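Reading the structure
Single-letter residue listing:
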Amino acid sequence: MLLLLSNCADIIAKFHDILIEKGPLMQRDCVQAVWPFLASAEPALLLIDLDLPALDVAATLAELRHRAPACKVLVLHEEFSTQAELALLGAGVVGCCSAGLARETVLRIVEVVQDGGVWISQAVMPLLLRQMQARGTLLAPVAVETAASPNLRLQLLTPRERQIASLVGGGASNKLIARELQITDRTVKAHLGAIFQKLGLPDRLRLALFVTGK
């Protein structure tokens, strides 16, 4: 089940039409209406509109962790700065979704987080990797995945896929990878899809950490 928390008619209309494809969808228009709902059901994914009036993001996330610890949180906003995205990821959300994104991109984001991944924009990826490397922090699932002989698993990839995985490990965006390898963005995305499937990794961040052995 998915739960959309917003009182904006445009957001509700757009995301209802998109999210209804991903499973049962409920909608609430204020934080106070979420708590009684959680007493009887725990959604797998909660989408929070950050423009909701009087929304205290930190307090809401803390309360959610207490009431529905297994529920993943995706936040919606018109646009996110890199610093805002980093702060929200650090607070425990699984992704930041700009309201103006195309339908296909929103569906991809939802698929990634439903599969246990974290959605990180290409602008934030290198900053996050540098922060994690500087702090020596790890994501627990990555520690398990990388323990299973990453070099051996990388042999499952084609030479081109290994090139792309290495560039992702260095924090390169799809556009930079396409320019470096003289291929199209679409080809990069196709290769990444194959890489995720072969290595059993859900998203770009875990691929980067897998490749670098972090």
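Heads up: the structure comes first, above all this text.
Since this is a predicted model, take the numbers as computed values, not measurements.

1. Topic: the overall build of the chain
Of regular secondary structure, the chain possesses 12 helices and 5 strands. As displayed, the chain offers around 10700 Å² of accessible surface, 54% of which is attributable to carbon and sulfur atoms.

2. Some details on helix α9 (residues 159-169)
Of all the positions in α9, only Glu161, Ile164, Ala165, Val168 and Gly169 are classed as buried. Down the axis of α9, the buried side of the element spans an arc of 145°, and every buried residue falls inside it. Positioned one or two residues after α9, glycine 171 has a phi angle of 90°, which is positive.

3. Some remarks on the pairing of strand β5 (residues 95-98)
As judged from the 4 bridges shared by strand β4 (residues 72-77) and β5, these two strands associate in the parallel manner. Residue pairing across strands places leucine 74 opposite glycine 95, the latter belonging to β5. Running through helix α4 (residues 82-90), the crossover from β4 to the neighbouring parallel element β5 is right-handed.

4. Re the packing of α9 against helix α11 (residues 185-199)
As a packed pair, α9 and α11 sit with axes 10 Å apart at the nearest point and diverge in direction by 90°. Taken together, the axes of α9 and α11 lie roughly perpendicular to each other. From α9, Arg160, Glu161, Ile164, Ala165 and Val168 reach across to α11, where they touch His191, Leu192, Ala194, Ile195 and Lys198. Its residues placed into classes, the contact of α9 with α11 shows 6 nonpolar, 1 polar and 3 charged.

5. Examining the nonpolar core
Membership of the largest hydrophobic core comes to 51 residues, with the highest contact counts inside it found for Val75 and Leu207. Apart from residues no more than four positions distant in its own chain, valine 75 is found in contact with Ile48, Leu50, Phe80, Leu88, Val93, Gly95, Cys96 and Cys97. In this structure, Leu2, Leu19, Leu107 and Ile109 belong to the second largest nonpolar core, which totals 19 residues.

6. Digging into the sheet that holds β5
Spatially, the 5 strands line up as an open sheet ordered β2-β1-β3-β4-β5, and their pairing is parallel. Edge positions in the sheet fall to β2 (25-28) and β5, since each has one partner strand and no second. Strand-to-strand, the axes of this sheet are offset by a mean angle of 20°, without reference to chain direction. Each of β1 (2-5), β3 (45-49), β4 and β5 is contacted by helix α5 (residues 103-114), which is oriented at about 160° to β4, the strand it contacts most.

7. Looking at the pairing of β4
Summarising the sheet, β3 and β4 pair through 5 bridges and their orientation is parallel. In the sheet register, leucine 47 faces β4, and the bridge partner there is leucine 74.

8. Quick word on the side chain of threonine 60
With respect to the secondary-structure elements, threonine 60 resides in helix α3 (residues 57-67). Setting aside chain neighbours within four positions, we find threonine 60 in contact with Val31, Trp35, Ile48 and Leu55.

9. With respect to unusual backbone geometry
The phi angle at alanine 54 is positive, at roughly 60°, despite the residue not being glycine. Assignment of secondary structure puts alanine 54 in the loop between β3 and α3. We classify alanine 54 as exposed; its relative accessible area is 84%. Of note in this structure, glutamine 182 is not a glycine but carries a positive phi near 60°. Mapped onto the elements, glutamine 182 comes out in the loop between α10 (174-181) and α11. With relative accessibility at 74%, the residue glutamine 182 sits in the exposed group.

10. Observations regarding the pattern of salt bridges
Taken as a whole and judged by the stated rule, the model has 6 salt bridges. With a shortest N-O distance of 3.3 Å, lysine 22 and glutamate 111 are connected by a salt bridge. With lysine 22 in the loop between α1 (9-19) and β2 and glutamate 111 in helix α5, the pair connects residues that are 89 residues apart, well separated along the chain.

11. A short note on the packing of α1 against α5
For the pair α1 and α5, the least separation of the axes is 10 Å and the interaxial angle reads 65°. Relative to α5, α1 is oriented so that their crossing is right-handed. Where α1 abuts α5, its residues Phe15, Asp17, Ile18 and Leu19 lie against Arg103, Val106, Leu107 and Val110. Taken together, the residues of the contact of α1 with α5 break down into 6 nonpolar, no polar and 2 charged.

Rules used in this analysis
Residues numbered from 1 in each chain as written. Predicted model: local features only at pLDDT ≥ 70, side-chain atom pairs only at ≥ 80, totals over all residues. Heavy atoms only, no water. Helix = DSSP H or I, 4+ residues; strand = E, 2+ residues; numbered from the N terminus. Areas by Shrake-Rupley, 256 points an atom, 1.4 Å probe, with all protein chains shown as cover. Buried < 20%, exposed > 50% of the residue type's maximum accessible area, 1.4 Å probe, protein only. Arc of directions from axis to C-beta. Pairing = 2+ DSSP bridges. Right-handed = clockwise from strand over helix to strand, strands pointing away. Axes fitted to C-alpha atoms, helices over the stretch in contact; angles between N-to-C directions. Parallel < 35°, antiparallel > 145°, perpendicular 65-115°, else oblique. Contact = heavy atoms within 4.5 Å. Nonpolar A, V, L, I, M, F, W, Y, C, P; charged D, E, K, R; others polar. Core = buried A, V, L, I, M, F, W, Y, C linked by side-chain atoms within 4.5 Å. Salt bridge = Lys/Arg side-chain N within 4 Å of Asp/Glu carboxyl O. Left-handed = near helix turned anticlockwise from the far one by under 90°.

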